[in-house]
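This is what each chain is made of:
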There are 2 protein chains.
Amino acid sequence: MRIALDAMGGDNAPYEIVWGGALAAAQTQDSVILVGNEAEIRKALRHRHPKIRPIPDVEALMANGRLSILHTDESIAMDDAPAAAVRRKKNCSINVCMRLVKEGKADAAVSAGNSGAMAASALFILGRIKGVARPAIATVMPSKDPDRPTLLLDAGANTDCHHEWLREFAVMGDIYSRLVLGHEKPVVGLMSIGTEDSKGNELTKHAFPLLRDYTPGITFRGNVEGHDVFEGKTDVIVCDGFIGNVILKTSESAAHAIGYWLKRIVFGNFLYKLAALPLVPALKRLRHHMDPEVYGGAPLLGVPGAVIITHGSSTHKAIAYACAAGSRAAAHNVSKEIAERIAALPEPPTDEELTELIGHHGQRPVETAAENR
Amino acid sequence: MRIALDAMGGDNAPYEIVWGGALAAAQTQDSVILVGNEAEIRKALRHRHPKIRPIPDVEALMANGRLSILHTDESIAMDDAPAAAVRRKKNCSINVCMRLVKEGKADAAVSAGNSGAMAASALFILGRIKGVARPAIATVMPSKDPDRPTLLLDAGANTDCHHEWLREFAVMGDIYSRLVLGHEKPVVGLMSIGTEDSKGNELTKHAFPLLRDYTPGITFRGNVEGHDVFEGKTDVIVCDGFIGNVILKTSESAAHAIGYWLKRIVFGNFLYKLAALPLVPALKRLRHHMDPEVYGGAPLLGVPGAVIITHGSSTHKAIAYACAAGSRAAAHNVSKEIAERIAALPEPPTDEELTELIGHHGQRPVETAAENR
């Protein structure tokens, strides 16, 4: 597979990005096109990365075409409004990556740049898969079961969602989970505030019967709640982008706070500090398990092409994993299957039919919701 | 203060509840009325609690009226629909507690029973404070700063909210944070998916100008996001009850998963296990810091009276803290101040004025939202 890698996007660009690309090219059969300012890219590649062992042989990779540079000197400034910037700066590195995919010169686009810019550029250049109302950003979250990460979508592309969009998210998540994350029969859950069928807000109450009765091909588990996020029993969690974003960031905040408290308690006491020393490798393993970098970034699903967005603070390691995810998404033709499955979806019920389906569970919202605390 | 304690509510009722009540009566100046089946309560009080030191002198407390029993034998079964049950069973223990508050025979009601039943009973018997559209459940969350817990509301009473309700939540949260949690000038934040003023979904975009310009008396920080939940820089976080419930449960899930991973790594290796032994007290302190039991339960704000809901799994410790929170809420007249502040709120803007206020920040939702990942 050929990966178009935005060398200029992210807090650590271009250094970590280009070395992440070199690592991906060295470790896999993929070829990587570094898109950005050629002089800066070459300069970054001259300083061997101190943390990569063995260090990729950049000259050899370049010589046989596994690593290449595509020059563009337009770039998006940190303070540009991202969505507007990709419209104005036609040849910014993100746009060039998307065009490579569009024109069949690359199989996947990967960037650690602003996710809004990334989504806007993808929509602008690649457009949407026919039948998909709204592309969604899907995030891979660790779970108690190390072999069973959970895919959460939408993680921030669409704040206010129509219930029919959630059906599309479920289908797209099912496909990505199966083809890229390797779950044979992913279990899909609808994020709500109680596991009973009737629980939730207006959006989830409307989405529930759609997912249960009008979405062939998925294994629908029903409502899940916050407690289920890291349990590893649900492979795909569907929600609107506001909720998804809050879940993602709250989890990061909780993990961060726990680390902070633990450090404060242990480092505040000399004996604890001493006792903790032999456990450092264990804590490193814990850190690795929770490390979002190893999960390969967040695919933008619903656009015709494999597009992977990674965290702005991505290091070479995260970039290499993201390139691998992009490669798998392209190799397994995720977009093509999304197009087919979306096209085959049955006509959704009319508003009246849907109201009828929900009606049996109608309760006054104040009371229903409060029950779930 | 006189606390009406629902002895029959919660997973550990009546044993942990009645001993929690006895502990509260012994440790404070409050008197506690245990409401429920008298025979069961007396039986539970005969078995001294193994974990409480010094054990409260129940006979002495009873003799001087600091601990008393109010018999009722109607009870809500586990599988009753909670809101309906409190309507049907007029003399269930929750209803009796509420009536004691209503009739001025108690200053606060505390229960570890179903929060939906609790909210329904409070609305049914106490009603709402004049001007309050929807009472909200507020949850106290730990933060990085041990002296500065964060109040999150609504935590589950109202799934789909009107933006004007969020203004009331802000006022009620401000008051509880100041009077009960002791923050002199609480900082109030609006839960959104980015800190810029223009970010969010339709609800938060509408609520933002209301909180900024139409809510005198609060210190409004603007939008906060998931990353801010445990930072300890915001004392009151306002959101709809769906989001609040998801935040609460996702945080619990993350903490649980981290504990699970840590145990798995440490216990999977004999040397790690040995090394971890001296750290057990440190881990206990961490556990205590994260323990929701010490934060005194969740007040139901917006009803005329101090009503505290605690976790179904509450132990005696949680119950004692909840009684203390109820006592403080009553002593500081939280309900009275809510009534005054809500009555003094300025007329909200008309829909047109509000649209005008939001208008400046109007962007297409897909792009705006995606920028925040």
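Parameters and conventions
- Residues numbered from 1 in each chain as written.
- Chains lettered and ligands numbered in written order.
- Predicted model: local features only at pLDDT ≥ 70, side-chain atom pairs only at ≥ 80, totals over all residues.
- Heavy atoms only, no water.
- Buried < 20%, exposed > 50% of the residue type's maximum accessible area, 1.4 Å probe, protein only.
- Helix = DSSP H or I, 4+ residues; strand = E, 2+ residues; numbered from the N terminus.
- Arc of directions from axis to C-beta.
- Contact = heavy atoms within 4.5 Å.
- Pairing = 2+ DSSP bridges.
- Axes fitted to C-alpha atoms, helices over the stretch in contact; angles between N-to-C directions.
- Salt bridge = Lys/Arg side-chain N within 4 Å of Asp/Glu carboxyl O.
- Buried area = accessible area lost by both parts, 1.4 Å probe.
- Polar contact = N/O pair within 3.5 Å; in protein donor to acceptor, adjacent residues only side chain to side chain.
- Nonpolar A, V, L, I, M, F, W, Y, C, P; charged D, E, K, R; others polar.
- Phe/Tyr/Trp six-rings, centres within 6.5 Å; stacked < 30°, edge-to-face > 60°.
- Lys NZ or Arg CZ within 6 Å of the ring centre and 35° of its normal.

### Some remarks on helix H11 (residues 280–290) of chain A
Because each turn of an α-helix spans 3.6 residues, side chains separated by three or four positions end up pointing in the same direction.
Now for step 1: Buried within H11(A) we find A:Ala282, A:Leu286 and A:His289. For H11(A), the buried positions fall inside an angular range of 60 degrees around the axis, keeping them on one side. The outward face of H11(A), more than 90 degrees from its buried face, is lined by the exposed residues A:Lys284 and A:Arg287.
Now for step 2: Where H11(A) is buried, its residues meet helix H9 (241–267) and helix H10 (270–276) of chain B.

### Comments concerning helix H13 (residues 334–343) of chain A
Residue and element names in this part refer to chain A.
Now for step 1: Along H13, the positions that sit buried rather than exposed are Val 334, Ser 335, Glu 337, Ile 338, Arg 341 and Ile 342. Seen end-on, H13 carries its buried residues on one side only, within an arc spanning 160 degrees.
Now for step 2: Against helix H7 (163–179), strand S10 (298–301), strand S11 (306–309) and helix H12 (316–331) lie the buried residues of H13.

### Thoughts on the sheet that holds strand S9 (residues 236–238) of chain A
Residue and element names in this part refer to chain A.
Now for step 1: Strand order in the open sheet made by the eleven strands is S3-S2-S1-S4-S11-S10-S5-S6-S9-S7-S8, with mixed pairing throughout. The two strands at the open ends of the sheet, each matched to only one other strand, are strand S3 (67–71) and strand S8 (219–224). Ignoring which end each strand starts from, the neighbouring axes of this sheet average 25 degrees apart.
Now for step 2: Relative to S3, strand S2 (residues 31–36) runs parallel, the two sharing five bridges. Bridge assignment links Ile 33 to a residue of S3, and that residue is Ser 68.

### Notes on the pattern of salt bridges
All names here are of chain A.
Now for step 1: Within the structure shown, the criterion is met by 28 salt bridges over all chains.
Now for step 2: One salt bridge in this structure joins Arg 178 and Asp 174, with 3.8 Å as the shortest N-O distance. Here Arg 178 and its partner Asp 174 are both found in helix H7, four residues apart, which amounts to about one turn of the helix.
Now for step 3: The buried category is assigned to Asp 174, whose relative accessible area is 1%.
Now for step 4: One salt-bridge network, held together by shared partners, links Asp 174, Arg 178, Glu 337 and Arg 341.

### Quick notes on the interface of chain B and chain A
Now for step 1: At the interface, 81 residues of chain B touch 81 residues of chain A.
Now for step 2: Buried area between chain B and chain A, summed over both chains or domains, comes out near 7,100 Å², and the portion from carbon and sulfur atoms is 68%.
Now for step 3: If you look at where chain B meets chain A, you find two salt bridges.
Now for step 4: Across the salt bridge formed by B:Lys249 and A:Glu225, the nearest N and O atoms sit 2.5 Å from each other.
Now for step 5: At the junction of chain B with chain A, the criterion picks out 16 residue pairs in polar contact (both at pLDDT 80 or more).
Now for step 6: At the level of elements, helix H4 (82–88), helix H6 (115–125), strand S5 (136–141), helix H8 (202–213), H9, H10, helix H11 (280–290) and helix H15 (365–370) of chain B are the ones that each hand at least two residues to the side of chain B that touches chain A.
Now for step 7: Of all the elements, H9(B) adds the most residues to the side of chain B that touches chain A, at 22 residues.
Now for step 8: In terms of residue class, the side of chain B that touches chain A is built from 44 nonpolar, 21 polar and 16 charged.

### A few points about the packing of aromatic side chains
Any two aromatic rings considered together are summarised by their centre-to-centre distance and by the angle between their planes.
Now for step 1: Summed over all chains, the structure comprises three aromatic pairs over all chains.
Now for step 2: Ring geometry for B:Phe208 against B:Phe220: centres 5.3 Å apart, planes inclined by 65 degrees, an arrangement best described as edge-to-face. Of the two residues, B:Phe208 sits in helix H8 while B:Phe220 sits in strand S8 (residues 219–224), which places them twelve residues apart along the sequence.
Now for step 3: Taking relative accessible area as the criterion, B:Phe208 reaches 5% and is therefore assigned buried.
Now for step 4: Taking the ring centre of B:Tyr260 as reference, the NZ or CZ of A:Lys144 above it sits at 5.0 Å.

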